[in-house]
Amino acid sequence: MTTTTRHSSGPTHALEVAPVSPLTGLGGLLRLYGRISRRQIIIWVLAIGLSVAASVAAMKGVYPDQQALDARAALLENPSAVMMTGPAFALDHYTFWAMVANELLLYVLVAVAIMSILLMVRHTRAEEEAGRLELVRALPVGRSAPPTAALLLVALANAGVGVSVVLGLLVTGGPLVDSLAVGLATALTGMVFGGVAALTAQVTEHAGSASGLALGAAAVAFMVRGIGDVVDAQGSWLSWFSPFAWAQQTRLFVDLRWWPLAVTLAAILVLLGLAAVLSRRRDVGAGLRPAAHGPATATRSLPDPAGLAVRLVTPMMVAWAVGLFLFAIAFGSLANSLQDMVSEIPAVGDMVPLDLDDLTTSFAAYVLQMLAIGPLGLIVAGILRLRTEEQECRLAGILMAGSSRTSTAVRWVLVVALSTTVVQLLLGLGLGIGLLQATGETSWLAVMPLAALAALPAIALAGAVTVALYGLRLRLAGVAWLLVIWAAIETFLADLLDLPDVVRSISPLRHVPLVPDADLDVSALTGMSVLAVLLVLVGLWGLRRRDLAAG
């Protein structure tokens, strides 16, 4: 007896998977990444484009004639002004659009660089660190599809920013060809720093470290460009080591030349090619530089929530403290150029609240308020780091060790508040050093740090709003950044836009007296302090009653 075996003509597996190419799944991943970051990209595009349009419109009101432009050009003879803006082209015949290119472009480039770094790290190293990339690659997805999708998303974001910048210039009367060149230079500079972030994402295992390295590279590029432009006001050989200088050296609105952008394009290709090569020399989730092994035993303070907060928040605080300190020195050293500028540009009072009877003191008070936006953002970022710990399910481990929710949150907030206070004091000290250089009066070294303390209730109020939002609902915490953004808009543009007092009063800094020029209004500072305490209590109450993020 024989048995006949029939072979089925159908598939032998539940699912036949076609061969996978390196870019299989690219379209789906790009749509996924776009959905994840669509809000952030829209905010960046609109914020940068509207800021450009508003800034150009404001500058037209402040510098209405050639006399005002010539006075502004004279200010660029100060090395600090060159350090903070860019190369000084066409000073012998300073046109309005030359001023826009010389003094506005740099900050647009810095903004797009930060955007590109954060987006690139978010969709590369952060995905690996969270373990999501390994899950994605378990599907029929090509090896090159995830990083390519991240690169295309960053490119689309930069293209959007470039278009918004062009539109912002055109609606305010900018020449077409030069405006298009500004948009292209902006987008390409953003891609350079996206390439830098793609490179740092290969080096370290952690998204925070990758972002920090890339942002540090941007800060170095800013300083190199500044020092190079101080050596030669139109850009020295040192300036060419900075990607920011490549865009500025196109001489926009003065004598447009396109070839420096070829340097930018070449740098993009080199950085992305190097990142691609390095990505093949490591395992998924690992970095080229292995994470350093910590000590066998933790310090006494580390198991405590306050000690952990110090460990996690301090690097960010130190980096920003150094940057703000240097900026404060540079701004303070401009004080010796005020008299000539104000006499030639009476409309500058519409943009900056200056007292003509005491220009130096009123200028110092305004700069102090302007730079206080930095600590305002720092306290929000520091408190939101606790949200990150909860989202990554590490907060639950702290609570399991015996700390209560309330105790953990209070200690964390106190560490962030004390760190921000130190940063604010350093900001005042830096401004005092700059004023000392400009005026030769040593009294500024004591006056400005004390004046800086007046902003602490406003900074504390911003932190308290963050605590309240975080405590009530985890997803609401990020809304606190809107308060920081509005404080910046109110500080820089409220007078020029003639915003009503009711709207301006939303900014905590609006209620800080401009000391040392104005008298100290204790009632306003006390009111903000009391409100801050109440908001913290609301946040702690909400934190005790809501569920923690599930792991």
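Cut-offs and rules
Along every chain, residues carry numbers that run from 1 in the direction the sequence is written. In keeping with the model being predicted, local features are shown solely for residues with a pLDDT of at least 70 and side-chain atom pairs are shown and tallied solely at 80 or more, while totals for entire chains, interfaces and linings include all residues. Based on all heavy atoms of the structure, the side-chain values leave hydrogens and waters out of the count. To count toward a patch, a residue needs a relative accessible area above 30% and no salt bridge. Like charges then connect within 9 Å, nonpolar side chains (Val, Leu, Ile, Met, Phe, Trp, Tyr) within 5 Å. Exposure was quantified through the Shrake-Rupley algorithm and a 1.4 Å probe, taking into account, for residues, occlusion by the shown protein chains and nothing else. What counts as a salt bridge is simple: a side-chain nitrogen of Lys or Arg found within 4 Å of a carboxyl oxygen of Asp or Glu. When charges are tallied, Lys and Arg are placed among the positive residues and Asp and Glu among the negative ones, while His and the ends of the chain are skipped. By convention, charge coordinates are those of NZ in Lys, CZ in Arg, CG in Asp, or CD in Glu. Strands are runs of DSSP state E lasting at least 2 residues, helices are runs of H or I lasting at least 4, and numbering of each runs from the N terminus. Buried means the residue's accessible area, taken with a 1.4 Å probe over protein chains only, is under 20% of the maximum for its type, while exposed means over 50%, and partly exposed covers the values in between. Residues are treated as being in contact if the distance between any of their heavy atoms lies within 4.5 Å. Expected span of a helix: the number of residues minus one, times 1.5 Å. Centres within 6.5 Å are what make two rings of Phe, Tyr or Trp a pair, Trp counting through its six-membered ring; a difference in plane orientation under 30 degrees is then read as stacked, over 60 as edge-to-face, and the rest as tilted. Fitted lines through C-alpha atoms serve as axes, helices being fitted only where they are in contact, and the angles separating the N-to-C directions of these axes extend from 0 to 180 degrees. Throughout this description, any angle smaller than 35 degrees is read as roughly parallel, any larger than 145 degrees as roughly antiparallel, any in the 65 to 115 degree range as roughly perpendicular, and the remainder as oblique. Two helices cross in a left-handed way if the nearer one is turned anticlockwise from the farther one by less than a right angle. They cross in a right-handed way if the turn is clockwise. Ten residue types, Ala, Val, Leu, Ile, Met, Phe, Trp, Tyr, Cys and Pro, are classed as nonpolar, four, Asp, Glu, Lys and Arg, as charged, and the remainder, Gly among them, as polar.

Caption draft 1: Representation of a positive patch on the surface within the structure. On the surface, Arg35, Arg38, Arg39, Arg473 and Arg475 cluster together into a patch of positive charge. Looking at the secondary structure, you find Arg473 in the loop between helix H20 (456-472) and helix H21 (480-497). Owing to a relative accessible area of 47%, Arg473 belongs among the partly exposed residues under this scheme.

Caption draft 2: Focus on the side chain of Gln369. Tracing the chain through its elements places Gln369 in helix H15 (residues 359-371). Excluding residues that lie within four positions of it along the chain, Gln369 makes contacts with Thr491, Leu509, Val512 and Leu514.

Caption draft 3: How the structure looks around helix H18 (residues 405-439). If you check H18, its first and last C-alpha atoms are 51 Å apart, about what 35 residues at 1.5 Å a residue would give, namely 51 Å. Following H18 by one or two positions, Gly440 has its phi on the positive side, about 80°.

Caption draft 4: Structural view of a nonpolar patch on the surface. A cluster of nonpolar side chains, namely Val163, Leu167, Leu170, Leu176, Val177, Leu180, Leu184 and Trp258, defines an oily patch on the protein surface of about 710 Å² accessible area. When contributions to the nonpolar patch are tallied by element, the ones reaching two or more residues are helix H8 (145-170) and helix H9 (176-203). When residues in the nonpolar patch are grouped by element, the largest group, four residues, is from H9. Here Leu180 shows up in helix H9. Since its relative accessible area comes to 43%, Leu180 is described here as partly exposed.

Caption draft 5: Geometry of the packing of aromatic side chains. Counted under the stated rule, the structure contains seven aromatic pairs. Centroid distance Phe193 to Phe244: 5.0 Å. Interplanar angle 25°. Geometry classified as stacked. Remark: Phe244 occurs in helix H11 (residues 243-248) and Phe193 occurs in helix H9; sequence separation between them is 51 residues. Here the two residues Phe193 and Phe244 agree in accessibility, since each one is buried.

Caption draft 6: Local environment of unusual backbone geometry. In this model, Val515 is joined to Pro516 through a cis peptide bond whose omega is 10°. As for its position among the elements, Pro516 is in the loop between helix H22 (501-504) and helix H23 (522-545). Of note in this structure, Phe253 is not a glycine but carries a positive phi near 65°. Looking at where Phe253 falls in the secondary structure, it is placed in the loop between H11 and helix H12 (260-279).

Caption draft 7: Broad picture of the environment of Gly374. In this structure, Gly374 sits in helix H16 (residues 373-391). Owing to a relative accessible area of 17%, Gly374 belongs among the buried residues under this scheme. Sequence-wise, Gly374 and Leu23 are 351 residues apart; in three dimensions their C-alpha atoms are separated by 42 Å.

Caption draft 8: Structural detail: the packing of helix H1 (residues 26-62) against H8. Look at H1 against H8: their axes get within 8 Å of each other, and the N-to-C directions meet at 20°. Judged by the angle between their axes, H1 and H8 are roughly parallel. At the point where H1 passes H8, the crossing takes the right-handed sense. Tallied by class, the residues present in the contact of H1 with H8 amount to 20 nonpolar, seven polar and no charged.

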